[in-house]
Amino acid sequence: MANNTTHTIEYKTLVKILLILLFLTFITISVTSIHLGALTVTVALLIAGAKAYLVLSNFMHLKYESLLLRILVAMVFVLFALILVITFIDYAFR
Amino acid sequence: MSNTTEKIEYVSYLDHQGKYKGIMSWLMATDHKRIGLLYMYAIITFFFIGVLLGLMMKLELLAPGETIMTAKMYNSVFTLHGILMIFMVVIPGLSAVFGNFFLPILIGAKDVAFPKLNRFSWWIFIVGSIMAVLSQLLKDGPPDTGWTFYAPYSTTTNSNVIMATAAAFVLGFSSILTGLNFIVTIHQMRAPGMKFFHMPLFPWALYATAWIQLLATPVIGITLLMLIAERAFQIGFFDPALGGDPLLFQHLFWIYSHPAVYVMMLPAMGVITEIIPTFCQRQIYGYKAVAISSLAIAAVGFLVWGHHMYTSGMSDQARWFFSLLTFIVAVPSAIKVFNWITTMYKGSIDVQPPFLYALAFIFLFIIGGTTGLLLGSVATNVQVHDTAFVVAHFHYIIFGGMGFAFFAAIHYWFPKMYGRMYDIKLANISLVIKFIGFNLLYFPQFIIGVQGMPRRYFDYPEQFQPAQVISSVGGFILAFGLFLMVYNLVKAAKSGAVAPANPWKGSTLEWQIPSPPSLENFDEAPIIKVNPYDYK
Ligand SMILES: [Cu+2]
């Protein structure tokens, strides 16, 4: 931890983020009625990724943390994405 | 550790009187050194059970046909041997034992970041181990799937797969928590003034390992839960009959289990990196290259799992891609080997048992590593897939590598851990016996593997018998060497000569403090050097 100060986020901001998250959930569900074929998984994961970003940076206060810590967390998501992409090199070409 | 406190009376961590007495002072211990020893006693016990199972297999393979057990029993024996050795011995092995004991000391801390979580990790390690034992005793009979639990056989066999996988699941939690603890410890608990690039290289290796433990282990947890769900509720994840894909199991399983190889090997490499500079009295060659190669191995190691699946029906594109990545991951490992050897150049070498063990490690690791390239290349892999060649390869890596590094570590740090010295001559004799036994046991398996001897078979055509007999004899020679080593160490722990604080003239922090260390390691503030390997 770079510092020990506490950060309070205003309720207004939190409610705003909650609404965005609910909206994204709505999109996730409604998008299933459109047939995107091979892109279905990609779209679902992109929306989920956006939601995870909002939760991590706001609710989990990652945006107040040191650059090193933010890079470490970002690397985890990059790794996760790489593993999925590589798995699909098998599934897409089989 | 401020300079204002008066001098504290030195009491070894072994004699320290806390809240609890007798056995409870161990079971309830939060001291990282006691927890390290608890892991060590448990792991060595499991190791010897695994060795006994290995010897049973070697007896069965002395002659073609049924020798001492049925085919079904043989399947159960190699499954248990695998589960014990992988999940309960080599994966926790170095990081839980020597990582716990020496990581805080090497970075100048008095304990890990979360001592109670550390104790909890050991407890669930024991719970998981008990579950693994139970899976052998419950009424459906011991699992016969091999330690890899491949679907769809594992979702359909009648043996006790659920208990065994649940055990691996619980053991995984122990690994995750240890990894988390070490990451936070290294980030937050380094002595004031110690930057990342001032740390010794064993902590660097543990740091890379801890990230793998934290990120890869949940994958096997999910996979085993999916397997249990499929067995219990007929959900079709893996079984094609239920609409599943058996290759999905292999993907998920190896996404964890390949990085798990580096959970075993990175700390092993870290131990060797500590030992070589000490016994050459020479600065490690290429400190930063060795440190960063640990991270590179951890990172690239996450992306090569498909080399276990070349013959499983994966797409051709995936096969060449995994083959390419597998060759890339060999590069940072080779960097380490070159740097160890270059460190020895013009050093003033003191040939003591830990150094000899490190040399044995390098020799065996090179054989294991280069045969790994044969397996990483698709064309040759298809020829030797699932043969004794694979068995020989991974035993050279896991036993010749991780196992001999464990022996090197225990001979290096024993005087620090117990404050006593073992018989040097006996240690050298047991090393020579183990080295000869090891090569007799596994080298012939390369040859019969190439000739077509499959792995996991309890029977074989007569042409393989000479090699099988040599291999079995080697197994018993190796076991005798192991017995000699344990005898030597147990005797030394009880009545060995008192060891000085720094018997090997080491330069890292553990050699600055008394042997055995006191409860909080540093009664006086340690002197932090910018270069941990400064022998002047
Ligand atoms: Cu692998």
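All values reported here derive from a predicted model rather than from experimental measurement.

**A short note on the overall build of chain B**
Counting secondary structure elements, chain B contains 16 helices and two strands. Counting every position in chain B, which comprises 536 residues, the buried fraction comes to 61%. For chain B, the exposed surface amounts to about 20400 Å²; the carbon and sulfur share of it is 69%. Looking at charge distribution, chain B has the averaged site of its 30 positive side-chain charges lying 8 Å from that of its 24 negative ones.

**Quick notes on the overall build of chain A**
If you tally the helices and strands in chain A, you get three helices and zero strands. Its C-alpha radius of gyration of 17 Å places chain A more than 25% over the 12 Å reference for a compact globule of 94 residues. Taken along its principal axes, the extent of the C-alpha atoms in chain A is 55 × 30 × 10 Å.

**Description of the side chain of Asp144 of chain B**
Residue and element names in this part refer to chain B. Topologically, Asp144 is positioned in the loop between helix 5 (115–137) and helix 6 (153–156). A relative accessible area of 6% means that Asp144 is categorised as buried. Here Lys72 takes part through its side chain, which lies 3.1 Å from a polar atom of the side chain of Asp144. Within the local environment of Asp144, its side chain forms a polar contact with the side chain of Tyr153, the two groups lying 2.8 Å apart. Excluding residues within four positions of it along the chain, Asp144 makes contact with Lys72, Asn75, Ser76, Thr79, Tyr153, Thr157 and Ser159.

**Things to note about the packing of aromatic side chains**
Where two aromatic rings form a pair, the distance of their centres and the angle of their planes describe that pair. In this structure the tally under the stated criterion is 51 aromatic pairs over all chains. Arranged with centres 5.4 Å apart and planes meeting at 45°, the rings of Phe202 of chain B and Trp413 of chain B form a pair that is tilted. Placement of Phe202 of chain B in helix 8 (residues 201–233) and of Trp413 of chain B in helix 14 (residues 388–418) is noted, with a sequence separation of 211 residues between them. Classification of Trp413 of chain B as buried rests on a relative accessible area of 0%. Seen in terms of ring centroids, Phe361 of chain B and Phe365 of chain B are 5.4 Å apart; in terms of plane orientation they differ by 10°. Their pairing is stacked. Of this pair, Phe361 of chain B and Phe365 of chain B both sit in helix 12 (residues 353–376), separated by four residues, roughly a single helical turn. Taken together through their ring pairs, the aromatic side chains of Tyr13, Phe98, Phe101, Phe102, Phe202, Phe279, Phe355, Phe406, Tyr412, Trp413, Trp504 and Trp511 of chain B make up a single cluster. Positioned above the aromatic ring of Tyr91 of chain A, the side-chain terminus of Arg94 of chain A is 4.5 Å from the ring centre.

**Section: the environment of Asn181 of chain B**
All names here are of chain B. Inspection of the secondary structure puts Asn181 in helix 7 (residues 161–188). In this structure Asn181 comes out as buried when scored by relative accessible area, which is 0%. Excluding residues that lie within four positions of it along the chain, Asn181 makes contacts with Val112, Ala113, Phe114, Leu117 and Asn118.

**Points about the coordination of the copper ion**
Surrounding the copper ion are the protein donor atoms His258 of chain B (ND1), His307 of chain B (NE2) and His308 of chain B (NE2), which sit 1.8 to 2.0 Å from the metal. All donors of the copper ion come from a single chain, and their spacing in sequence reads H-x48-H-H.

**Considerations on the interface of chain A and chain B**
Taken together, the contacts link 14 residues of chain A with 21 residues of chain B. Roughly 1500 Å² is buried in total at the junction of chain A and chain B, and carbon and sulfur atoms are behind 75% of that figure. Where chain A touches chain B, the interface holds one salt bridge. Here Asp245 of chain B makes a salt bridge to Arg94 of chain A, at a shortest N to O gap of 3.3 Å. There are six residue pairs in polar contact (both at pLDDT 80 or more) connecting chain A and chain B.

**Brief notes about the environment of His35 of chain A**
Mapped onto the secondary structure, His35 of chain A falls in the loop between helix 1 (11–30) and helix 2 (40–59). As a C-alpha pair, His35 of chain A and Phe77 of chain A span 42 residues in sequence and 27 Å in three-dimensional space.

**Topic: helix 15 (residues 424–451) of chain B**
Residues and elements named next belong to chain B. Its 28 residues give helix 15 an end-to-end C-alpha distance of 41 Å, which sits within 8% of 40 Å, the value for a rise of 1.5 Å per residue. Capping the start of helix 15 is the job of one residue whose side-chain oxygen sits 3.0 Å from the backbone nitrogen of Lys425: Asp423. Phi for Gly452, located one or two positions after helix 15, is positive at around 115°.

**Regarding the packing of helix 3 (residues 67–93) of chain A against helix 8 of chain B**
For any two helices packed against each other, one specifies the inter-axial angle together with the distance between the axes. As a packed pair, helix 3 of chain A and helix 8 of chain B sit with axes 12 Å apart at the nearest point and diverge in direction by 55°. Our classification of the angle between helix 3 of chain A and helix 8 of chain B gives oblique. Here helix 3 of chain A runs over helix 8 of chain B; the crossing is right-handed. Residues Leu72, Val76 and Leu79 of chain A of helix 3 of chain A lie in contact with helix 8 of chain B, whose contacting residues are Tyr207, Trp211 and Leu215 of chain B.

**Points about the confidence of the model for chain B**
All names here are of chain B. Residues with a pLDDT of 70 or more make up 99% of chain B, whose mean pLDDT is 93. Highest mean pLDDT in chain B belongs to helix 15 (97); lowest belongs to helix 6 (86). The low-confidence segment residues 1–5, where pLDDT is below 50, has five contacts with residues more than four positions distant or belonging to other chains. Across the whole predicted complex the pTM is 0.92, and at the interface the ipTM reaches 0.84.

**So, the pattern of salt bridges**
Pairs may arise between side chains of opposite charge once their charged atoms sit close together. Evaluation of the coordinates by the stated rule reveals six salt bridges over all chains. We note a salt bridge from Lys33 of chain B to Asp31 of chain B, for which the minimum N-O separation is 3.1 Å. The exposure class assigned to Asp31 of chain B is buried, which follows from its relative accessible area of 6%. Members of the salt-bridge network, linked through shared partners, are Asp90 and Arg94 of chain A together with Asp245 of chain B.

**Examining the nonpolar core**
Phe87, Phe98, Phe361, Trp413 and Met417 of chain B are the most contacted members of the largest nonpolar core, which has 189 residues in total. Not counting residues within four places of it along the chain, the set of residues in contact with Phe98 of chain B comprises Gly93, Leu103, Phe202, Phe406, Ala409, Ile410, Trp413 and Met417 of chain B. Ranked by size, the runner-up nonpolar core spans five residues in total, among them Ile17, Leu24, Ile47 and Leu54 of chain A.

**Regarding unusual backbone geometry**
Put simply, Ala151 of chain B and Pro152 of chain B share a cis peptide bond, and its omega is 0°. Turning to its location among the elements, Pro152 of chain B is positioned in the loop between helix 5 and helix 6. In the Ramachandran plot, His61 of chain A falls in the positive-phi region, its phi being about 60° despite a non-glycine side chain. By the secondary structure assignment, His61 of chain A is in the loop between helix 2 and helix 3. A positive phi is found at Asn521 of chain B, a non-glycine position, where the angle reads about 65°. Locating Asn521 of chain B in the fold gives a position in the segment after strand 2 (497–498).

Parameters and conventions
Residues numbered from 1 in each chain as written. Chains lettered and ligands numbered in written order. Predicted model: local features only at pLDDT ≥ 70, side-chain atom pairs only at ≥ 80, totals over all residues. Heavy atoms only, no water. Helix = DSSP H or I, 4+ residues; strand = E, 2+ residues; numbered from the N terminus. Buried < 20%, exposed > 50% of the residue type's maximum accessible area, 1.4 Å probe, protein only. Areas by Shrake-Rupley, 256 points an atom, 1.4 Å probe, with all protein chains shown as cover. Lys, Arg positive; Asp, Glu negative; His and termini not counted. Charge placed at Lys NZ, Arg CZ, Asp CG, Glu CD. Rg over C-alpha atoms; globule rule 2.2 N^0.38 Å. Polar contact = N/O pair within 3.5 Å; in protein donor to acceptor, adjacent residues only side chain to side chain. Contact = heavy atoms within 4.5 Å. Phe/Tyr/Trp six-rings, centres within 6.5 Å; stacked < 30°, edge-to-face > 60°. Lys NZ or Arg CZ within 6 Å of the ring centre and 35° of its normal. Donors = N, O, S within 2.8 Å, 3.2 Å for Na, K, Ca; no water. Buried area = accessible area lost by both parts, 1.4 Å probe. Salt bridge = Lys/Arg side-chain N within 4 Å of Asp/Glu carboxyl O. Expected span 1.5 Å × (residues − 1). Axes fitted to C-alpha atoms, helices over the stretch in contact; angles between N-to-C directions. Parallel < 35°, antiparallel > 145°, perpendicular 65-115°, else oblique. Left-handed = near helix turned anticlockwise from the far one by under 90°. pLDDT = per-residue confidence, 0-100. Core = buried A, V, L, I, M, F, W, Y, C linked by side-chain atoms within 4.5 Å.

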